[in-house]
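# Structural features, examined
Residues per chain, in single letters:
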Amino acid sequence: MATAKHSLILLLVFFIVGCEDDDMGDMEVFDPTPFELVLPAVLEPFEPLMKIPDDNPLTVEGVALGRKLFFEPRLSADGSLSCAGCHIPSKSFAENEQFSTGIDGIAGNRNAQNIVNLSWMNSLFWDGRAKSIEDQALEPVVNPIEMHNRWSEVEHELRSDEEYRQLFKAAFGTEDIDSMLVVKAIAQFERTLISGNSAFDKYLNGQPTGWRQEDFDAVLRGLDVFMAEEKGDCFHCHGDPTNPFWTDNIFHNNGLDETFSDLGLGAITGSESDNGKFKTPTLRNLLFTAPYMHDGRFNSLEEVVEHYSTGLKNSPTIDPLMKNIDQGGVQLSPQDKSDLIMFMKSLTDSSFITNPDFQDP
Amino acid sequence: MKNWICLVMAFLVVFSWSCGDDDEVSIESFPVNFNFSSEANGLQLELNELQYENEAGNTFSVEKLQYLISDVSLTREDGSTVDLEGYHFVDVTDPSTTVYDKGFTVEEGDYTGISFVFGFRDEDNITGAYTDLNALSWSWPEMLGGGYHFMKLEGRYVDTNTNTATYATHMGNAREITASGNVIHSNFVEVNLEQSFTINGPATIGIIMEISNWYSNPHTWDLNLLNNTIMPNYEAQIMLNDNGHNVFSVEAIIQ
């Protein structure tokens, strides 16, 4: 009886194994290569805080596809404008226009933000309406004053391209291209746009900055202005040497206007207390990203610093961190202003804008 | 044969039960977490409402309230403590941060108090040591002693001209400027709350902050005089420390 039982069990095992083998033989294995991010030293400790969705891990194939799509003008209705049209690599993925102009020649009302270290951002757009890079990437394609396209058209265009079919198959295991896969790929590429190699980063790492000592002395004086609550008090919103993102990732009304033509966060939340608030931008690579503010009203860092020094305007939602509003601001001395600007310039990472992995493939 | 197997299994079950009884002392542990809530003038905090009054008579609102709690401990009846190491960042505008739940388990029994540090003790208050706090721009400037903020309390108040003005009450290390140089003083607050309670099941301990108490007892704080640039103000930092001993209470212990 025991022998009969053993024989039955063995038979079942062979049957099961045999079934599995047959099924596997018909399947093509989808096995993309994990993309290994190499983080700059100042960002290494922050790797656990990166926001990478479980359903969109970085892969070599996905990043390569996202890079191609980022520079793909066929995402726009007339084939003339890619993401890189407004987010130019040599401008730290911003542009030097006050407002970006879409394919129909219509300008928007917000300044194009740079694309740097987005994996650590809690929200995107000046008003924070996108909670992920994937969400953000869905919008410009169909925005009537940007790419003015339809996702169905984009999907058709890409499906009819054999190269794209193969690239999507390699990245996502399917040639059935849809908008979600397009934005997933673009998001993967954008998550690789990491900057952490400025002169100030090198200083923090104990490396030579490449700057003349007298200039870096001004940088360090500027850091003091930046960090002093009774002077610049920039750090509450823009971070500090322990925060390599140089933003607090939240929203403030920084005293630009007494009344608001653009409600910013308030238009998203519907709360009056959020009117006139915009997300704090990173200070990284400011040298490349003029003009400044959500509406690009300031053409130079000098104008920006003068705003906080003497140009603040009161309003019902002005941030409590804005100082001496009655006097227009913190009244920095010419030396403080000069040093503060030197400090901000030290956050420039030229290697970021020349990185060959970030250019048009 | 079936009967045999049943007998052997029954024996094994009984044997394992009896072994367990012999080895274990029957003290159970239960999960415990903490819920931090906020009120002003005894009312549940409503953000952005210019409706609260402090001891100095200032009408004020709260727009931001963030603070740091560390080294929570529970005191047993015999005076020994259960130390729950770690820290927690509370942001009143983000409900997900008001519950401090790090998987703590606490032995059943009678307890007489709850203690915690508001901020960090000096040995924990190390600039740049906590990546999550760094990403929140929570650092305290090196020129003021470094480490981290303990609190950011911000909002608006009605000033002496009946205009609406802003305040930012930030707390951290206290820098004293003396003739012989800067002296950095610890400014964390040891909060000790006497409360008798029994842990006999999973528990949530509710801690409540009365915001207006930051501005009273023993020091009456007038927002017309102390509204902004509080961080480098040594006397103001010490006032906050003194007043901070009377800000928290136990709201409830829910089991």
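Numbering of residues starts from 1 in each chain and follows the order in which that chain's sequence is written. Here chains are named by letter from A upward and ligands by number from 1 upward, in the order in which they appear as written. In view of the model being predicted, local features appear only for residues whose pLDDT reaches at least 70, and side-chain atom pairs are presented and counted only at 80 or more, with totals across whole chains, interfaces and linings using the full set of residues. Hydrogen atoms and water are omitted, and side-chain values are computed over all heavy atoms in the structure.

## Examining the packing of aromatic side chains
Here is the rule: rings of Phe, Tyr and Trp (six-membered ring for Trp) pair when centre to centre is within 6.5 Å. Planes less than 30 degrees apart are stacked, more than 60 are edge-to-face, and the remainder are tilted. If you walk through the whole model with that rule in mind, you get 39 aromatic pairs over all chains. Ring centres of Phe46(A) and Phe245(A) lie 5.1 Å apart, and the angle between their planes is 80°; on these two criteria the pair is classed as edge-to-face. Note that Phe46(A) is positioned in the loop between α1 (2-26) and α2 (60-70) and Phe245(A) in the loop between α9 (235-238) and β1 (251-252), a separation of 199 residues in sequence. Throughout, exposure labels follow a simple rule: accessible area from a 1.4 Å probe, protein chains only, divided by the maximum for the residue type, with under 20% read as buried, over 50% as exposed, and the rest as partly exposed. Residue class for Phe46(A) comes out buried when judged on its relative accessible area of 3%. Each ring, one from Tyr215(B) and one from Trp221(B), has its centre 5.7 Å from the other, and the planes form 45°; the classification is tilted. Note on Tyr215(B): relative accessible area 0%, which makes it buried. Across from the ring centre of Tyr164(A), 5.3 Å away, lies the NZ or CZ of Lys68(A), which sits over that ring. Whether a charge lies above a ring is judged from NZ of Lys or CZ of Arg, which has to be within 6 Å of the ring centre and within 35 degrees of the ring normal. The residue whose ring lies beneath Arg129(A) is Phe125(A), and the NZ or CZ to ring-centre distance is 3.7 Å. Only DSSP runs of H or I covering at least 4 residues are called helices, and only runs of E covering at least 2 are called strands; the numbering of each starts at the N terminus.

## A short note on the domain arrangement of chain A
Residue and element names in this part refer to chain A. Domains assigned within chain A are domain 1 (44-194) and domain 2 (199-352). Domain start and stop points were drawn from an automatic or database domain assignment. Computed over C-alpha atoms, the centres of domain 1 and domain 2 are 27 Å apart. Contacts between the two partners involve 29 residues from domain 1, matched on the other side by 26 residues from domain 2. For the pairing of domain 1 and domain 2, the buried interface totals around 2,300 Å² over both sides, and the portion due to carbon and sulfur atoms is 58%. Buried area, as used here, totals the accessible surface that two parts lose on assembly, with accessibility defined by a 1.4 Å probe and the loss added over both. Sorting the residues of domain 1 by area buried against domain 2 places Phe46, Trp126 and Asp127 first, and these three jointly supply 25% of that buried surface. The salt bridge definition used is simple: a Lys or Arg side-chain nitrogen within 4 Å of an Asp or Glu carboxyl oxygen. Between domain 1 and domain 2 we count one salt bridge in total. Any two residues whose heavy atoms approach within 4.5 Å are treated as being in contact.

## Concerning the pattern of salt bridges
Where charged atoms from two side chains of opposite charge come close, those side chains can pair. Residue and element names in this part refer to chain A. One pass over the full model with this rule turns up 28 salt bridges over all chains. A salt bridge links Glu134 to Arg191; the nearest nitrogen and oxygen atoms lie 2.9 Å apart. Taken together, the positions of Glu134 in helix α3 (residues 133-142) and Arg191 in helix α6 (residues 179-191) put the pair 57 residues apart, joining distant regions of the chain. A salt bridge links Arg284 to Asp201; its shortest N-O distance comes to 2.8 Å. Of this pair, Arg284 sits in the loop between β2 (278-279) and α11 (301-310) while Asp201 is found in helix α7 (residues 199-205), placing the two residues 83 residues apart along the sequence. Among the charged side chains, a network of salt bridges with common partners joins Arg110, Asp127, Arg129, Glu139 and Asp262.

## Looking at α6(A)
Residue and element names in this part refer to chain A. Every helix has an expected span of 1.5 Å times one less than the residues it contains. In this model α6 runs 18 Å from its N-terminal to its C-terminal C-alpha over 13 residues, within 8% of the 18 Å that 1.5 Å per residue would give. Among all positions in α6, only Ser179, Leu181, Val182, Val183, Lys184, Ala185, Ile186, Ala187, Gln188, Phe189, Glu190 and Arg191 are buried. If you follow the buried residues of α6, they end up packed against α2, α3, α4 (151-159) and α5 (162-172). Side-chain atoms alone can form a polar contact between residues adjacent in sequence; in general such a contact is a pair of N or O atoms within 3.5 Å, and within protein one must be able to donate a hydrogen while the other accepts it. Its side-chain oxygen at 3.2 Å from the backbone nitrogen of Met180, Asp178 defines the N-terminal cap of α6.

## Here we look at the pairing of strand β5 (residues 64-76) of chain B
Residues and elements named next belong to chain B. The element β5 is extensively covered by neighbouring structure, given that twelve of its 13 residues are classed as buried. Strands qualify as paired when DSSP identifies two bridges or more between them. As defined by bridge partners, β5 adjoins strand β10 (residues 151-158) across four bridges and the pair is classed as antiparallel. Across the sheet, the residue bridging to Gln66 is Lys152, located in β10. In terms of strand pairing, β5 meets strand β6 (residues 81-91) through nine bridges, oriented antiparallel. Of the residues in β6, the one forming a bridge with Tyr67 is Val90. Hairpin connection, β5 to β6: the antiparallel pair is bridged by four residues, and Gly79 has positive phi, about 95°. In the sheet, β5 pairs with strand β9 (residues 109-118) via six bridges, with the strands oriented antiparallel. Pairing of Leu74 across the sheet is with Ile114, part of β9.

## What to know about the packing of helix α8 (residues 213-227) of chain A against helix α12 (residues 334-345) of chain A
Residues and elements named next belong to chain A. To obtain an axis, a line is fitted to C-alpha atoms, over the contacting stretch when the element is a helix, and the angle between two such axes runs from 0 to 180 degrees between their N-to-C directions. In contact at an axis separation of 7 Å, α8 and α12 are set at 105° when each is read in the N-to-C sense. Relative to α12, α8 is oriented roughly perpendicular. In contact with Asp215, Ala218, Val219, Arg221, Gly222, Leu223, Val225 and Phe226 of α8, α12 contributes Gln335, Asp336, Asp339, Leu340, Met342 and Phe343. Asp, Glu, Lys and Arg are counted as charged, while Ala, Val, Leu, Ile, Met, Phe, Trp, Tyr, Cys and Pro are counted as nonpolar; the rest, among them Gly, fall into the polar class. The residue makeup of the contact of α8 with α12, split by class, is eight nonpolar, two polar and four charged. Any angle from 65 to 115 degrees is called roughly perpendicular, while one under 35 is roughly parallel, one over 145 is roughly antiparallel, and all others are oblique.

## Here's the deal with the nonpolar core
In terms of nonpolar packing, the biggest core is built from 64 residues, with Phe34(B), Tyr67(B), Phe118(B), Met209(B), Trp214(B) and Phe248(B) touching the most fellow members. Element by element, the count of residues in this core is highest for β5(B), at six residues. Apart from the residues lying within four places of it in its own chain, the contact partners of Phe118(B) are Tyr67(B), Leu68(B), Ile69(B), Phe150(B), Met151(B), Met171(B), Phe188(B), Val189(B), Val191(B), Met209(B), Trp214(B) and Phe248(B). Working definition of a nonpolar core: buried Ala, Val, Leu, Ile, Met, Phe, Trp, Tyr and Cys residues. They are joined through side-chain atoms within 4.5 Å. Leu75(A), Ile103(A), Ala171(A) and Phe288(A) belong to the second-largest nonpolar core, a separate cluster that totals 52 residues.

## Considerations on α8(A)
All names here are of chain A. Between its first and last C-alpha atoms α8 spans 21 Å; for 15 residues at 1.5 Å apiece the expected length is 21 Å, and the two agree. Turning to α8, its buried residues are Phe216, Ala218, Val219, Gly222, Leu223, Val225, Phe226 and Met227. Tucked inside the fold, the buried residues of α8 contact α7, α9 and α12.

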